[in-house]
Amino acid sequence: MRQRTQNEAPPRRSTLGIEDYLARLGDRVRAARARRGMSRKILARDSGVSERYLAQLESGRGNPSVAVLHQIADAMDMSVMELADPHGGTDPALAEILSLLSPLDGGELAEAARLLEQRFAGSSTRGNRIALIGLRGAGKTTLGRALAEKLGVPFIELNRVIEQDYGASIGELLSLSGQPAFRRYENRCLNQILTDYEEAVISTGGGIVANPETYTMLLRRAHTIWLQASPEEHMQRVVEQGDMRPMEQNREAMTDLRAILEARAPLYDRAEANVDTAGETLETSLTKLTETARGLIG
Ligand SMILES: Nc1ncnc2c1ncn2[C@@H]1O[C@H](COP(=O)(O)OP(=O)(O)O)[C@@H](O)[C@H]1O
Ligand SMILES: O=C(O)C1=C[C@@H](OP(=O)(O)O)[C@@H](O)[C@H](O)C1
Ligand SMILES: [Mg+2]
């Protein structure tokens, strides 16, 4: 985080030079891509912008036209404004809030979100719903199913509900209709599950945190638990399952996995509780998870 002296007011408007602006634009594109678990290749395919140009842009050496920026934003289901100007927005109060928040780091932003939620989101209705979040291989499916059995409640796998609703696999949904469509299905199906089940264990997809609207709905209407593991364990477990598409069609293995985990960690960290499964057997993790879940639903 950039250091600010105590009396220095946060900048109201961007006074960045063009080089700094383009460097930050590149950072925002890379971070938005990582949050979604999209490789550069996939973003190139979905946006129609070449991989080479994306690499240039992400390293601060591109000066994209508005049309190119629009293509990139669209492929990630974002507005151009969100991508191009983090202080954007027509309401001055909103711009002020965004400028206050923009120098904060991930942990501080999560704290700010919690404070705003407490003040403005009204009472939450989490019922006896436990939702598991975390990267692929965290154990959301395996531990989730076992936890549901222990608690005697239904086990719901969000991605299976989406597949039923769409009528084809998640892979087909992504390749035929694209990531924005997947995120819309995810939002709708999750809303339905949260409405239909008063008690359940819900296993979500690793990328649920990529869509703020969906993720906020989950945080408010279910008790969320972040299942953690080390990057190496995430990778090893996914590979051992025979799934050779770690992180949503992203084949660039460990480097990408670390970047995705780093980009998502502050978001996963907004969960009500976390259970670290690193270096543990499935049985130990299940015991820890069951205790944590019982503590949350009281
Ligand atoms: N301590 C542990 N916690 C969770 N999973 C573990 C653990 N040790 C080994 N595993 C294995 O890791 C895999 C986790 O995969 P899965 O449940 O499909 O994760 P996710 O649904 O989060 O992608 C399973 O094969 C599970 O048996
Ligand atoms: O990490 C991700 O971006 C994703 C993980 C998958 O879920 P699992 O974590 O259940 O495999 C699935 O939602 C989709 O392919 C996106
Ligand atoms: Mg799973």
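Residues numbered from 1 in each chain as written. Chains lettered and ligands numbered in written order. Predicted model: local features only at pLDDT ≥ 70, side-chain atom pairs only at ≥ 80, totals over all residues. Heavy atoms only, no water.

**Q** Just give me the short version of the UniProt feature "binding site: Mg(2+)" (unreviewed entry) in the chain, but keep the residues and values in it.
**A** Sequence positions flagged by UniProt for "binding site: Mg(2+)" (unreviewed entry) are, in local numbering, Thr141. Among the secondary structure elements, Thr141 is positioned in helix α8 (residues 140-151). When neighbours within four sequence positions are excluded, Thr141 is seen to be in contact with Phe155, Glu157 and Ser203. (UniProt positions renumbered as here; feature names shortened; annotations may be inferred. Helix = DSSP H or I, 4+ residues; strand = E, 2+ residues; numbered from the N terminus. Contact = heavy atoms within 4.5 Å.)

**Q** Tell me about the UniProt feature "binding site: ATP" (unreviewed entry) in the chain, and name the residues and values.
**A** UniProt's entry tags Gly137, Ala138, Gly139, Lys140, Thr141, Thr142 and Arg245 with the feature "binding site: ATP" (unreviewed entry), counted in the numbering of this structure. By secondary structure assignment, the location of Gly139 is in the loop between β1 (128-133) and α8. Look at Gly139 and you get buried, because its relative accessible area is 14%. Here Gly139 is in contact with Gly144, Leu227 and Arg237, once residues within four sequence places are set aside. By relative accessible area, Thr141 is classed as partly exposed at 30%. (Buried < 20%, exposed > 50% of the residue type's maximum accessible area, 1.4 Å probe, protein only.)

**Q** Help me get a handle on the pairing of β1, residues and values and all.
**A** Within a regular beta strand, the side chains point alternately toward one face of the sheet and then the other, so they alternate between its two faces. Counting buried positions along β1 gives five out of six residues, so the element sits mostly inside the fold. Both β1 and strand β3 (residues 199-203) contribute to a ladder of five bridges, which runs parallel. By the bridge assignment, Ile130 is partnered in β3 with Val201. Sheet topology note: the β1/strand β4 (residues 223-228) ladder contains four bridges and is parallel. Each bridged residue has a counterpart across the sheet, and for Ala131 the counterpart in β4 is Thr224. (Pairing = 2+ DSSP bridges.)

**Q** Which residues make up the site of ligand 1, and what values do they have?
**A** Surrounding ligand 1, one finds 16 residues, the nearest of these being Gly137, Thr141, Thr142, Gln241 and Glu280. Gly137 places a main-chain nitrogen or oxygen 2.8 Å from an oxygen atom of ligand 1. With respect to ligand 1, the backbone of Thr281 contributes an N or O atom lying 3.3 Å from a nitrogen atom. Compared with its free state, where it exposes 570 Å², ligand 1 has 80% of that area covered by protein. Breaking the shell around ligand 1 down by element, the ones donating at least two residues are α8 and α16 (282-297). With four residues, α8 is the largest single contributor of residues to the shell around ligand 1. Looking at the shell around ligand 1 residue by residue, the class counts come to four nonpolar, eight polar and four charged. (Near = heavy atom within 4 Å. Polar contact = N/O pair within 3.5 Å; in protein donor to acceptor, adjacent residues only side chain to side chain. Areas by Shrake-Rupley, 256 points an atom, 1.4 Å probe, with all protein chains shown as cover. Nonpolar A, V, L, I, M, F, W, Y, C, P; charged D, E, K, R; others polar.)

**Q** I'd love a proper account of the nonpolar core, names of residues and values included.
**A** Core analysis: the biggest nonpolar cluster contains 32 residues, and Ile133, Ile162, Ile208 and Leu218 have the highest contact counts within it. Those elements giving two or more residues to this core turn out to be β1, α9 (158-166), α10 (170-177), α11 (179-196), β3, α12 (212-221) and α15 (253-268). When residues of this core are assigned to their parent elements, the largest contribution, seven residues, is made by α11. Met38, Ala44, Val49 and Ala73 belong to the second largest nonpolar core, which has 19 residues in total. (Core = buried A, V, L, I, M, F, W, Y, C linked by side-chain atoms within 4.5 Å.)

**Q** Pulling in residues and values, what's your account of the packing of α11 against α12?
**A** The N-to-C vectors of α11 and α12 enclose an angle of 15 degrees; their axes lie 9 Å apart at closest approach. Considered as vectors, α11 and α12 are oriented roughly parallel to each other. Considering how the two elements wind past one another, α11 and α12 form a crossing that is left-handed. Counted together, Arg183, Glu186, Asn187, Leu190, Asn191, Leu194 and Thr195 of α11 and Glu213, Thr214, Met217, Leu218 and Arg221 of α12 form the full contact between these two elements. Residues that form the contact of α11 with α12 fall into these classes: four nonpolar, four polar and four charged. (Axes fitted to C-alpha atoms, helices over the stretch in contact; angles between N-to-C directions. Parallel < 35°, antiparallel > 145°, perpendicular 65-115°, else oblique. Left-handed = near helix turned anticlockwise from the far one by under 90°.)

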